[in-house]
Amino acid sequence: VPLVRHAYALWRDLETASGQKLLTVTGIAEMGLPDSALVQGTLASSRQHNLRHEVLDARALMARYPQFHLPKDFVGVVQPDGGFLEPEKAIHAQLALAKAAGAQIRTGEKVLAIEPHDGGVRVTTQNGTIEAGAAIVAAGAWASSLLPKGALPLHVTRQALIWVKPDEPALFAPDRFPVFMIESAGGIHYGFPMHDGAVKVALHHHEREAVDPETYDQTVSSRDEAMIRSGIGAFIPAANGARVAARTCLYTMTPDEDFVIGPLPGSPGIIVASPCSGHGFKFAPAIGEILADLATGGETPHDIGRFSPARF
């Protein structure tokens, strides 16, 4: 929570520096049985860190957000500061500012190896070699292919996402409908208000299907869609409209489902950044600051002990 609070401030700084709106605050509603992991976890964090929140029973939550259809024994934790980011715009903004600050952006260049070399690192790409004091490896699902074999116990899982168009789109506008997560026997369904003409919904962790990022099936099957629609139909029937789009993406998972941030054991010049397990992007500017600290000074004032690669 301290890290995401810092990230909020940095996202606002990035918006100011780039002149673009990247973060939309809608509130977030996290729903399930009172003893569910989702409700218990968000309540514990909210109380420990004094985050603004309300606990509503199903009737009160549906009175506020009539788009939801909840079992009477469900409760919801509503945090008014929740929202969503626009990742593509954010990445372009970060790249543009980096380039303006003197960074060299080399896209479409495949990295073949990253190795310790003369107290620093050597990066081999399809176009040659680069020697530096440190290398930050933030390669997502491809991290394991670039690190020494067995360096980290990462595995990659396939996720599916769909975008639907409700019959009454105005009900799902960002000023009327929150970001949401709902835990049930079918898992944790999550989604977002209307954006670019559709509501995005997915099943967190989906089937936990381990895949190779180079060869995995990128099509969204009828089975994939049915798993997602089971949550929409049960809990948000007014959103269960025509499919507008469908995509797959990848989670990079650690055994404890936490992040990996820090120098690789035995190779201090190789700094690994894997904000893993499907919940990392919101932290991007804060983690970027930490990585810059580590690469240039070898330490950071942020508490990142729980993310150490050495824990494995």
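Residues numbered from 1 in each chain as written. Predicted model: local features only at pLDDT ≥ 70, side-chain atom pairs only at ≥ 80, totals over all residues. Heavy atoms only, no water.

Student: I'd like a rundown of the overall build of the protein chain, residues and numbers included.
Tutor: A count of helices and strands for the protein chain gives 7 helices and 17 strands. What you see for the protein chain is a C-alpha radius of gyration of 21 Å, in line with the 20 Å of a compact globule of 312 residues. Considering only C-alpha atoms, the protein chain reaches an extent of 65 × 40 × 40 Å along its principal axes. Sorting the 312 residues of the protein chain into buried and exposed places 44% on the buried side. Taking the contacts inside the protein chain whose residues are at least 6 apart along the sequence as the reference set, 67% of them involve residues at least 24 apart. A total of about 15,800 Å² of accessible surface is found on the protein chain, and carbon and sulfur atoms cover 53% of it. The centroid of the 26 positive side-chain charges in the protein chain is displaced by 4 Å from the centroid of its 33 negative side-chain charges. (Helix = DSSP H or I, 4+ residues; strand = E, 2+ residues; numbered from the N terminus. Rg over C-alpha atoms; globule rule 2.2 N^0.38 Å. Buried < 20%, exposed > 50% of the residue type's maximum accessible area, 1.4 Å probe, protein only. Contact = heavy atoms within 4.5 Å. Areas by Shrake-Rupley, 256 points an atom, 1.4 Å probe, with all protein chains shown as cover. Lys, Arg positive; Asp, Glu negative; His and termini not counted. Charge placed at Lys NZ, Arg CZ, Asp CG, Glu CD.)

Student: Describe in detail the pattern of salt bridges, supporting the description with residues and values.
Tutor: Evaluated as defined, the whole model comprises 14 salt bridges. In this structure, the salt-bridge partner of E54 is R64, at a minimum N-O distance of 2.7 Å. Of this pair, E54 sits in strand β3 (residues 54-57) while R64 sits in helix α3 (residues 58-64), placing them 10 residues apart in sequence. When its relative accessible area of 34% is taken as the criterion, E54 is described as partly exposed. On the accessibility criterion, R64 (38% relative accessible area) is partly exposed. Look at the salt bridges and you will find they share partners, linking R158, E209 and D224 into a network. (Salt bridge = Lys/Arg side-chain N within 4 Å of Asp/Glu carboxyl O.)

Student: Lay out the sheet that holds strand β9 (residues 135-137) in plain terms, naming residues and giving numbers.
Tutor: Read from one edge of the open sheet, 3 strands run β9-β17-β16, paired in mixed fashion. The sheet is open, and its two edges are formed by β9 and β16 (260-264), each paired on a single side. Across the sheet, the axes of successive neighbouring strands diverge by a mean angle of 20 degrees, strand direction being ignored. Packing of helix α7 (residues 284-297) onto the sheet brings it into contact with β9, β16 and β17 (267-274), and relative to β17 it is tilted by some 175 degrees. (Pairing = 2+ DSSP bridges. Axes fitted to C-alpha atoms, helices over the stretch in contact; angles between N-to-C directions.)

Student: Requested: an account of the packing of helix α1 (residues 2-18) against helix α4 (residues 87-100), with residues and values cited.
Tutor: Following both chains from N to C, one finds α1 and α4 inclined at 65 degrees, their axes separated by 10 Å at the closest point. By the criterion of interaxial angle, the relationship of α1 to α4 is roughly perpendicular. In this structure, the crossing between α1 and α4 has a hand that is left-handed. Every residue of α4 that contacts α1 at W11, L14, A17 and S18 is listed here: A90, A93, Q94 and L97. (Parallel < 35°, antiparallel > 145°, perpendicular 65-115°, else oblique. Left-handed = near helix turned anticlockwise from the far one by under 90°.)

Student: Tell me about the side chain of T157, and please be specific about residues and values.
Tutor: Following the sequence through the fold, T157 ends up in strand β10 (residues 155-165). A polar atom in the side chain of T157 sits 2.8 Å from the side chain of Q159. Among all residues touching T157, those that are not within four sequence positions of it are R208, E209, A210, V211, C249, L250, Y251 and M253. (Polar contact = N/O pair within 3.5 Å; in protein donor to acceptor, adjacent residues only side chain to side chain.)

Student: Before we move on, could you go through the environment of I228 and cite the residues and values that matter?
Tutor: Mapped onto the fold, I228 is located in helix α6 (residues 222-235). Each C-alpha atom of the pair I228 and A9 lies 33 Å from the other, and the pair is 219 residues apart in sequence. Not counting the four nearest positions on each side in its chain, I228 is found in contact with A160, L161, I162, H189, V201, A202, L203 and H206.

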